[in-house]
Amino acid sequence: MSETNFLLAIEDLTVSFDGFKAVDSLNLYVEKGELRVIIGPNGAGKTTLLDMICGKTQPTAGSIKFQNQELVGQTEHAIVRTGVGRKFQTPSIYENLTVFENLEVSFPKGRSVFGCIAFRRTPEVIDRVHKVADEIGLRESLHVEGAFLSHGQKQWLEIGMLLMQEPELLMLDEPVAGMSPAEREQTAALIQRICRDRCIIVIEHDMEFVSRIAHKVTVLHLGKLLAEGSMEEVRNNPKVIEVYLGH
Amino acid sequence: MNTLYHRVLAGKSGTSGLIAMAALLLVVLPCTLNIFWINVVGKYLCFAFAALGLVVLWGKTGVLSLGQGLFFGLGGYCMAMFLKLEASDPISTKIQSTPGIPDFMDWNQLKHLPALWVPFKSLPFSLFAVVALPALVAFIIGLAMFKRRVGGVYFAVITQALALIFSLAIDGNQGYTGGRNGITDLKTMGGWDIRTHHAQYILYFATALLLLIAVVLLQWLLSGKMGKMLVALREREDRVRFSGYDVSMFKVFVFCLAAGLSGVGGALFVLQVGFIAPSLVGIVPSIEMVIFAAVGGRASLYGAIYGALLVNAGKSLFSESFPQAWLFCMGGLFIGVVVLFPNGVAGGWDWWCKQAWPVILTRLKDGPPPPATLPPITAKGEAP
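Since the model is a prediction, treat every value here as computed from it, not as a measurement.

Turning to the sheet that holds strand 4 (residues 61-66) of chain A, a few remarks are in order. All names here are of chain A. Taking strand neighbours across the sheet as the criterion, the four strands line up as 2-1-4-5 in an open arrangement whose pairing is antiparallel. Strands at the two margins of the open sheet, each flanked by one partner only, are strand 2 (20-30) and strand 5 (69-70). One ladder, built from five bridges, connects strand 1 (residues 8-17) with strand 4; its direction is antiparallel. Bridged to Leu 8 within strand 4 is Phe 66.

Structure follows, in structure tokens:
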């Protein structure tokens, strides 16, 4: 594959599980500073796609280039270190650590065993933690253990943990699932704020939420690309209406 | 100074725990027990090293190894090989057909000291090997398993199998290892007779001091980022991995740490007891080490030491009267503790200090509170 100007270039990506193609020769290009939303009915291959980008699942064929660097075949932690952050569907935070510690552990220093032993809580670290805590609205809860946060706060904390790494590409898997309408509002505002300096890929089912945040929408169906474009174009696409929005 | 207090001594509770432990091991027990029992307690403390390693490995990181006897044994055999070579000088072995080699080699018609044994003529090398060899073996096993994401019950079973293989390998190579009888008849270390009462006192204090130093070092390690990383690893391995950490290397590190600690315990055991045998390094001792940590409280460093003392004391007293029933008792104790009191003695103590005692104290001060505002003492009390 040639050099591209895209931040993320996925070409001919295929993964098959015992013959079942969860993602089937998919091409997807995402630009710098873009907020892309991926939608599609259950089993469309959305989460599998994110799994392959972050190295959790190895594709059967195809290539994933991030900043013109091949990600396929690299280990998960190596992919993270190139600047890819991934938020899981269910909030994964460290329940027995405080909000501060959750963010501190995610700070991208001291990632090797001996680096970790030598790690010190420098003013730089504290500063970053405070900045991110302000961003995700958890400044008041810095010393609360993760287990005592509300569901919405846990989701924000996980986004904050990713922001600590300053990723170029941030992938969010259903970030507003289980949130109250007020929390959805705040999450949409948060995503729009953090999108300025980086590229974000969001998987979401909530159409109202999608239309609020998306620059461009990609619709997947049975592992294949069904449609791509603005929310308006996608909403009026007859194929999309048939498989997904019409239900 | 402040960092030292918080990191090395783990603040107020850590300091009081350390003082209590030091007072018990260095003052109370030596003043109240005779030399026979001091030696016995010294032996228990050797197992506490292995239990400390398990606290970090199992309690903090969530990786259960049922094969710590392997590392305890490696440390012990390293020490015993040196002591045996020193005890087998040509003069005291002159009646053998090949003088100057350990007696069991002579019985097995070996004519030369095996190459494996030669480095153990050196005391510095042997002391180095006591820590380094278990750590190296753990590094190789750990790398092979954790890089392939072997964990949980599979890891536990494989480590247990390795401990069994190790004890069988020793058992089956009598000429090289002393076989089932082990390595016995150890006398001096660098010319210093380790069998006298005087030496046994010194070895006891050395063991207790090394144990306290190990606790302080582990406290320092766990109070930093490493402590948080290990908790994070135990709770959300995937999240740690996708935060850019090579999870397997952290597990390898902790496994090596636990192995090195076990090795030190094994070497001190040999010095105090005067022999080592495959029966001390196989499956049963490995599981006993896990029981010490579980009873003491698998996430508490001090708990591990108290657990090793309590369970071993129980074993010594109880197995004298009911030798047949002891293993069942031990199994029952393990299941009971894990199911009913997952935080062991340390958890119970914590509950008493943080929840029960303050409630009793306020009641004593203010008299019984009116029933409507009764604090939920029973509800909390049931959860250990």
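From this point, the narrative continues.
Residues and elements named next belong to chain A. Taken together, six strands build an open sheet; the order of strands is 6-7-8-3-9-10 and the sheet is mixed. Since the sheet does not close on itself, it has two edges, and those belong to strand 6 (84-87) and strand 10 (224-229), each with one partner. Put simply, the sheet's adjacent strands are angled 20 degrees from each other on average, direction ignored. With five bridges connecting them, strand 7 (residues 169-173) and strand 8 (residues 199-203) associate as parallel partners. Within strand 8, the residue paired with Leu 169 across the bridge is Cys 199. Where helix 1 (residues 46-53) meets the sheet, its contacts fall on strand 3 (35-39), strand 6, strand 7, strand 8 and strand 9 (216-221), and the angle it forms with strand 7 comes to roughly 145 degrees.

As a further point, take the domain arrangement of chain B. Often the size quoted for an interface is simply the accessible area lost on bringing the parts together. For chain B, the assigned domains read domain 1 (2-310) and domain 2 (345-384). Averaged C-alpha coordinates put domain 1 of chain B and domain 2 of chain B at centres separated by 39 Å.

What follows is about helix 13 (residues 283-296) of chain B. Residues and elements named next belong to chain B. For helix 13, spanning 14 residues, the distance from its first C-alpha to its last is 20 Å, which sits close to the expected 20 Å at 1.5 Å a residue. Burial runs high along helix 13: ten of the 14 residues are buried. Taken as a whole, helix 13 has its buried residues at Ser 286, Glu 288, Met 289, Val 290, Ile 291, Phe 292, Ala 293, Ala 294, Val 295 and Gly 296. Of the residues trailing helix 13, Gly 297 is marked for its positive phi of about 120 degrees.

The next point concerns the interface of chain A and chain B. Each partner contributes to the interface: chain A provides 23 residues, whereas chain B provides 21 residues. The dominant element in the side of chain A that touches chain B, judged by the number of residues it contributes, is helix 2 (residues 76-81) of chain A, at four residues. Considering only residue class, the side of chain A that touches chain B consists of eleven nonpolar, six polar and six charged.

Bringing the packing of helix 9 (residues 197-223) of chain B against helix 12 (residues 247-273) of chain B into the picture now. Residue and element names in this part refer to chain B. The N-to-C vectors of helix 9 and helix 12 enclose an angle of 170 degrees; their axes lie 10 Å apart at closest approach. With respect to helix 12, the axis of helix 9 lies roughly antiparallel. Facing helix 9, whose interface residues are Gln 200, Leu 203, Thr 207, Leu 210 and Ala 214, helix 12 presents Leu 261, Val 264, Leu 268, Leu 271 and Gln 272. The class makeup of the residues in the contact of helix 9 with helix 12 is seven nonpolar, three polar and no charged.

Cut-offs used in this document
- Numbers given for residues are sequential positions, taken from 1 along each chain in its written order.
- Whichever chain is written first becomes A and whichever ligand is written first becomes 1, with later ones labelled in order.
- Restriction of local features to residues with pLDDT of at least 70 applies here, the model being predicted, together with a cutoff of 80 or more for giving and counting side-chain atom pairs; totals for whole chains, interfaces and linings are based on all residues.
- At least two bridges found by DSSP between two strands are what make those strands a pair.
- Note on conventions: DSSP H or I runs of at least 4 residues are helices, E runs of at least 2 residues are strands, and numbering of each starts at the N terminus.
- Axes here refer to lines fitted to C-alpha atoms; in helices the fit is confined to the stretch in contact. Angles between the N-to-C directions go from 0 to 180 degrees.
- What counts as a contact is two residues whose backbone-derived C-beta atoms lie within 7 Å of each other.
- Segmentation of the chain into domains, including their bounds, is taken from an automatic or database domain assignment.
- A helix is expected to span 1.5 Å for every residue after the first.
- Whether a residue is buried, exposed or partly exposed is read from the other C-beta atoms within 10 Å of its own C-beta, which are placed from the backbone; 20 or more gives buried, 12 or fewer gives exposed, and intermediate counts give partly exposed.
- Gly is put with the polar residues, along with every residue not named as nonpolar or charged; the nonpolar set is Ala, Val, Leu, Ile, Met, Phe, Trp, Tyr, Cys and Pro, and the charged set is Asp, Glu, Lys and Arg.
- Any angle between 65 and 115 degrees counts as roughly perpendicular, while under 35 counts as roughly parallel, over 145 as roughly antiparallel, and the rest as oblique.

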